[in-house]
Amino acid sequence: MDHQPAIITEEEEATSALPRKEPPKIHRLDESVVNRIAAGEVIQRPISAVKELVENSLDAGSTSISVTVKDGGLKLIQVSDDGHGIRYEDLPILCERHTTSKLSAFEDLQTIKSMGFRGEALASMTYVGHVTVTTITGGQLHGYRVSYRDGVMEHQPRPCAAVKGTQIMIENLFYNMTARRKTLQNSADDYSKIVDLISRFSIHHTEVSFSCRKHGAARADVHSIATSSRLDAIRSVYGMAVARDVMEVAALDDDPSRSIFKMDGYISNSNYSAKKTVMVLFINDRLVECSALKRAIEVVYAATLPKASKPFIYMSIVLPPEHVDVNVHPTKKEVSLLNQESIIENIQTVVELKLRNCNTSRTFHTQTVYPSTSGTLGSNKNTQLSPSEDGSKSQKVPVRKMVRTDSQDPSGRLHAYLQVKPPRQPEGKADLTTVRSAVRQRRNPKESADLTSIQELLNDIDCNCHSGLLEVVRDCTYIGMADDVFALLQHGTRLYLANVVNLSKELMYQQVLHRFAHFNAIQLSEPAPLPELLMLALKEEDLDPECSENDDLKEKIAEMNTQLLKQNAEMLAEYFCVHIDQQGNLSKIPVILDQYTPDMDHVPDFVLCLGNDVDWEDEKSCFQTISAALGNFYAMHPPLLPNPSGDGLQCYKKGKNHVDIKNGNATNNLEDDTIMEDEYDHELLSEADTAWAQREWTIQHVLFPSMRLFLKPPNSMSTNGTFVQVASLEKLYKIFERC
Ligand code: ADP
Ligand code: MG
C-alpha cells in the first residue's frame, strides 16, 4: 500500500512547533481532584444525596426521619433523624473517604445488612457541597455541630443544644461543578423525584415514620406514620385509588438447585389503571432497581389483563445475603443476584396465577350484567340477548369471521362462559406448590393410559416421530414471531420458520392422548347451550351469515348433533373431561397444558367438529378424532381480531370500505394515516393488541417450553411446510466473507 501523507489539521499545525510524537507525561492527580471526580459519581443528583442520607438514618436505627428540600435540593437538603447519633471522637474522620462504622473486612460484604458500607457518601457530599452535621448520642447533655469541606472539619465541633439523633444539612450542592449545576437547574423535577423516593421508603419501612417537605412549606408532601399494616402505608402514601386495587402476592423457593428466596408484596389488579409502571422493589431491605424483573412482570400484565394498564408493584425479596452482590454499582442502585433467571421466572408464574384469578373474577362480575340465556323478560333489549345474538348484532368490524365484538365485553363474548377455578391452596402459601405439583403430574402421564387403543395411538406417535425435527424442537431457541403464524427459531447454526398453529395443534393432540382420562377441568362459569354454539358455527360456515335461508336446516343439524353429543356425554366426560349436562349444555373442558386456556372463540367450531367429524363406532378412531378435535380447538390460532401491527390495522378504521374507496388498495400513505388517526376504533384496537400480545407471550412461555419437553414431531412435518429452513449461519458467513 502506498504511504499516504498524514492529514494535519489547522489546530495541530499551530501546535506542531512543539516536539511531536513525545508521549504526554503521566502524573498523579491531586487528591482533591480525585475525590471530586469520585464524589460526582456517588452523588449524581440531589436525589442521590437524599438517598444516602436517609439510608444512613435507617442504619442508625431511627424511627422518624424528616427531609426538607429547597430549590430541588441544590440550595438545601436537610435530613433529621432520631437514631443513635455519632460519637464526638468520630467527628474528625466522619467525612473522610472510606471511613465507616459498618464494614471492616472485605468478607463482611457477604453478610452485610446495613445499607451503607463504602464510607463514601458523606465524604463525597463534602466535595460537592457544604455539609453541616449536628448530632447527639444517648446520655449526653448537649450535642455537637460541625461543618465540613473537602473531607475535613472546618473547625472544632461546637457544643450545641440538640434533640435525639442526627441532622445533616447540605447546602449549595454542586457549587463547584458549574456544568452539572446548570443542567440540574433547568430540570424542575428533582423535588418530585425526592418525594417519590421517600414514598418508596415509607411503604417498605413501615416501622419508621417519614416526612418530606419543601423548605418553608407548612404541609409535607409525604407524611407516613409508623404502622404495622403495609396496606395502610400504601393507602397513606399512594392514596386510596392504589390501595383499593392492589392484592397481596407471595412466593417462596427453597430448592438450592434452583433458587432460594422469599418474596412478598402487593400488585395491582385488573381494575387498576395507570399509564406508567410503578415498581417499588426492595431486595434484602435495600431499595434497588431490576429492569429484568420489571419487564418480566409488565409482560405478564400485558398478556393477562384485557385492559392494557401498567401495573403498580411493591415487592420485597429476601435472599441469603451471600446470594446478593451489593457492590456492583457506585450508588448501590442495582444489585446482582444468584439465580436471577430462576427467581424472575418464579415470580412471573406467581403474578400470572394471581392475575388470572382476579381476571376471572372480573369476568365473573361482568357476567352478572348478562342475564341467563333462558331469560324471559322482554322489555329490555340488552338483557334479552342470548350470547349468540349478542355477538352478531353489535358487530363493528368489517371482518365477517369476527364474533367477539361487543364493546361492553372486552374479553370476548364467549369468555364470559369461562371460569378457571382458582387453585386451592392455603392462604399466603406460594402458588408455586400448585405449579410444581402440576409439573410433577405432567412428568408422569403415562400410567394413566391403560386402554389398548390409546396405547396404540401413543405408539403411532413414537414410531412416526422424525428424529431430526425432534432434535430441533428439543434444543431450539425461540427468537420471535416472524408473522401471524410463523415463529423464527434458531437451532445450532440454522434458522427455521416454524408454523406455530401446526405445532401447537400436534402438541395438544399428543397431550390429550397422554393425559387421557386424567384431566383437570376448566369450568365454564355458566354452561353454554350446545344448540346455540352449533348454530353459531354452522352460520359461520356459510358464505353469508346474514342469510337465514337455510336456518331450518341448520337448526335440525344443531338439534341432531346435540342429541348425539348428549348420548356420548358420559364417555366424553370420563375420558376427555368434556362435560355436557342433561340439558345439553357444555359445562367443563379439559386442561391440556397447565397454565393454558384455549381461545373460547373456537368453542363453536369445536362442538361442531365433535358432532360432524367423530367416528363414534370404532374405539381407536373415535379417540383419535376426539383428540384431534381438541387439538384443533386448543391450538394457538391467530386471534380472530386482525393483527393491528400489520395490514390488519385497516380493519379498525371506523366507517366501512374506507381504504378501497380512497386509495384503491390496502396500502395507505403516511399523510393519510395521520388524518385518519382519530377514526380508529381505539377500544377494539386495544383489545386486539392485548389478544395478540397475550398469544405471543403464550407461544414463548407456554408453547415452546412444553414443546421442548413433550412434542414428538411427526414425519409429515418435515415436508408439509411446518418447518422451513431459512438460513444457515455457515453459509451466511461465507457470503459475508466475500463482501
Ligand atoms: P457508610 O454509610 O457507607 O458507612 P457514610 O459516609 O454514609 O458511609 O457514613 C459514614 C459513617 O457515619 C457511617 O458509617 C455511620 O457510622 C456514620 N453516620 C452517618 N450518618 C449517620 C446518622 N444519620 N446517624 C448516625 N451515624 C451516622
Ligand atoms: Mg451511608
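Residues numbered from 1 in each chain as written. Chains lettered and ligands numbered in written order. Predicted model: local features only at pLDDT ≥ 70, side-chain atom pairs only at ≥ 80, totals over all residues. Heavy atoms only, no water.

Student: Help me understand the site of ligand 1 in this model?
Tutor: Contacts to ligand 1 come from 20 residues, most closely from Asn 56, Thr 100, Ser 101, Lys 102 and Gly 119. For ligand 1, whose free accessible area comes to 530 Å², the fraction covered by protein is 94%. Sorting the residues of the shell around ligand 1 by element identifies helix H3 (46–59) and helix H4 (121–128) as the ones contributing at least two each. Grouping the constituent residues of the shell around ligand 1 by class yields 6 nonpolar, 10 polar and 4 charged. (Near = heavy atom within 4 Å. Areas by Shrake-Rupley, 256 points an atom, 1.4 Å probe, with all protein chains shown as cover. Helix = DSSP H or I, 4+ residues; strand = E, 2+ residues; numbered from the N terminus. Nonpolar A, V, L, I, M, F, W, Y, C, P; charged D, E, K, R; others polar.)

Student: It is not clear to me how a nonpolar patch on the surface should be interpreted in this structure. Could you clarify?
Tutor: Judged by side-chain polarity, Leu 29, Val 33, Val 34 and Ile 37 come together as a nonpolar surface patch covering roughly 310 Å² of accessible area. Among the structural elements, Ile 37 can be located in helix H2 (residues 31–42). (Patch = residues over 30% accessible without salt bridge, like charges linked within 9 Å, V, L, I, M, F, W, Y side chains within 5 Å. Salt bridge = Lys/Arg side-chain N within 4 Å of Asp/Glu carboxyl O.)

Student: It is not clear to me how the sheet that holds strand S19 (residues 486–491) should be interpreted in this structure. Could you clarify?
Tutor: Where strands meet in a sheet, backbone hydrogen bonds hold them as pairs that are either parallel or antiparallel. Spatial strand order, S18-S19-S20-S24: 4 strands in an open sheet with antiparallel pairing. In this open sheet, the two edge strands, each paired with only one partner strand, are strand S18 (477–481) and strand S24 (723–728). In this sheet, adjacent strand axes meet at a mean angle of 25° when their direction is disregarded. Here strand S20 (residues 494–499) runs beside S24; their pairing, made up of 5 bridges, is antiparallel. (Pairing = 2+ DSSP bridges. Axes fitted to C-alpha atoms, helices over the stretch in contact; angles between N-to-C directions.)

Student: Which parts of the structure should I look at to understand the environment of Ile 65?
Tutor: One can find Ile 65 in strand S1 (residues 64–70). In this view, Ile 65 contacts Val 54, Ser 57, Leu 58, Val 79, Ser 80, Asp 81, Val 208, Ser 209, Phe 210 and Ser 211; residues no more than four positions away in its chain are not counted. (Contact = heavy atoms within 4.5 Å.)

Student: Teacher, can you tell me more about the pattern of salt bridges here?
Tutor: Side-chain pairs of opposite charge can arise where the charged atoms are in close proximity. Evaluated as defined, the whole model comprises 16 salt bridges. Across the salt bridge formed by Arg 45 and Asp 190, the nearest N and O atoms sit 3.2 Å from each other. You can see Arg 45 sitting in the loop between H2 and H3 and its partner Asp 190 sitting in helix H6 (residues 190–204), a full 145 residues away along the chain. According to the relative accessible area criterion, Asp 190 is buried, its value standing at 3%. Within the structure, one salt-bridge network assembled from shared partners comprises Asp 253, Asp 255 and Arg 258. (Buried < 20%, exposed > 50% of the residue type's maximum accessible area, 1.4 Å probe, protein only.)

Student: Looking at this model, I keep getting lost on the packing of aromatic side chains. Mind explaining?
Tutor: The geometry of an aromatic ring pair is captured by two quantities: the separation of the ring centres and the angle between the planes. By the definition in use, this model includes 13 aromatic pairs. With centroids separated by 6.3 Å and ring planes inclined at 15°, the aromatic side chains of Phe 201 and Phe 210 adopt a geometry described as stacked. Across the pair, exposure class does not vary: Phe 201 and Phe 210 are buried alike. What links up through ring pairs into an aromatic cluster is the set Phe 516, Tyr 575, Phe 576 and Phe 623. (Phe/Tyr/Trp six-rings, centres within 6.5 Å; stacked < 30°, edge-to-face > 60°.)

Student: In this structure, what is going on with helix H17 (residues 530–541)? I would like to understand it.
Tutor: The periodicity of an α-helix, 3.6 residues per turn, causes residues three or four positions apart to be oriented the same way. With 12 residues, H17 extends 17 Å from end C-alpha to end C-alpha; this agrees with the ideal 16 Å at 1.5 Å per step. Every buried residue belonging to H17 is among Leu 530, Leu 533, Leu 534, Met 535, Leu 536, Ala 537 and Leu 538, and all of these are buried. (Expected span 1.5 Å × (residues − 1).)

Student: Explain the environment of Cys 290 here, please?
Tutor: Position of Cys 290 relative to the elements: it lies in the loop between strand S13 (286–288) and helix H9 (291–304). What Cys 290 contacts, discounting residues up to four positions off in sequence, is Leu 281 and Gln 340.

Student: Please clarify how the sheet that holds strand S10 (residues 246–255) should be interpreted in this entry.
Tutor: The 5 strands are arranged S10-S11-S14-S12-S13 in an open sheet whose pairing can be described as mixed. The outermost strands of the open sheet, each flanked by one partner alone, are S10 and S13. This sheet shows a mean twist of 20° between the axes of neighbouring strands, independent of strand direction. Bridge count for strand S12 (residues 278–283) against strand S14 (residues 312–318) is 6 bridges, and the pairing is parallel. Paired with Phe 282 across the two strands is Ser 316, which belongs to S14.

Student: What should I look at first to understand the pairing of S19 in this one?
Tutor: Every regular strand shows the same layout, with side chains that alternate between the two sheet faces. Alternating positions in S19 separate cleanly, Ala 487, Leu 489 and His 491 being buried on one face and Phe 486, Leu 488 and Gln 490 remaining unburied on the opposite face. From the end of S18 to the start of S19, which pair antiparallel, there are 4 residues. Examined bridge by bridge, S19 and S20 share 6 bridges and lie antiparallel to one another. Directly across from Leu 488, in S20, lies its bridge partner Leu 497. In this structure, the hairpin formed by S19 and S20 is closed by a connection of 2 residues, where Gly 492 is found at a positive phi of approximately 60°.

Student: Even after reading the chapter, I still don't get the packing of helix H14 (residues 452–463) against helix H16 (residues 500–515), so can you show me in this structure?
Tutor: Pairs of packed helices are described in terms of their axes, by the angle between the two and the distance that separates them. Packing of H14 against H16 brings their axes to within 10 Å, and their N-to-C directions diverge by 140°. Crossing handedness for the pair H14 and H16: left-handed. Touching Ile 454, Leu 457, Leu 458 and Ile 461 of H14 are Tyr 509, Gln 510, Leu 513 and His 514, all from H16. Taken together, the residues of the contact of H14 with H16 sort by class into 6 nonpolar, 2 polar and no charged. (Left-handed = near helix turned anticlockwise from the far one by under 90°.)

Student: Please explain the packing of H3 against H4 as it appears in this structure.
Tutor: At a minimum axis separation of 10 Å, H3 and H4 run at an interaxial angle of 145°. Considering only the axes of H3 and H4, their crossing is left-handed. Residues Ala 49, Glu 52, Leu 53 and Asn 56 of H3 touch H4, and the partners they reach there are Ala 121, Leu 122 and Met 125. Its residues assigned to classes, the contact of H3 with H4 shows 5 nonpolar, 1 polar and 1 charged.

Student: Sorry if this is basic, but what is going on with helix H18 (residues 551–567) here?
Tutor: Between its first and last C-alpha, H18 extends 24 Å over 17 residues, near the 24 Å set by a 1.5 Å rise per residue. Here H18 has its buried residues at Asp 551, Lys 554, Ala 558, Asn 561, Thr 562 and Leu 565. Down the axis, H18 shows its buried residues gathered within 105° of arc, on one side only. In H18, those exposed residues whose orientation departs by more than 90 degrees from the buried face are Asp 552, Leu 553, Lys 556, Met 560 and Gln 567. Check the buried side of H18 and you find it contacts H17, helix H19 (569–576), strand S22 (579–580) and helix H20 (603–613). (Arc of directions from axis to C-beta.)

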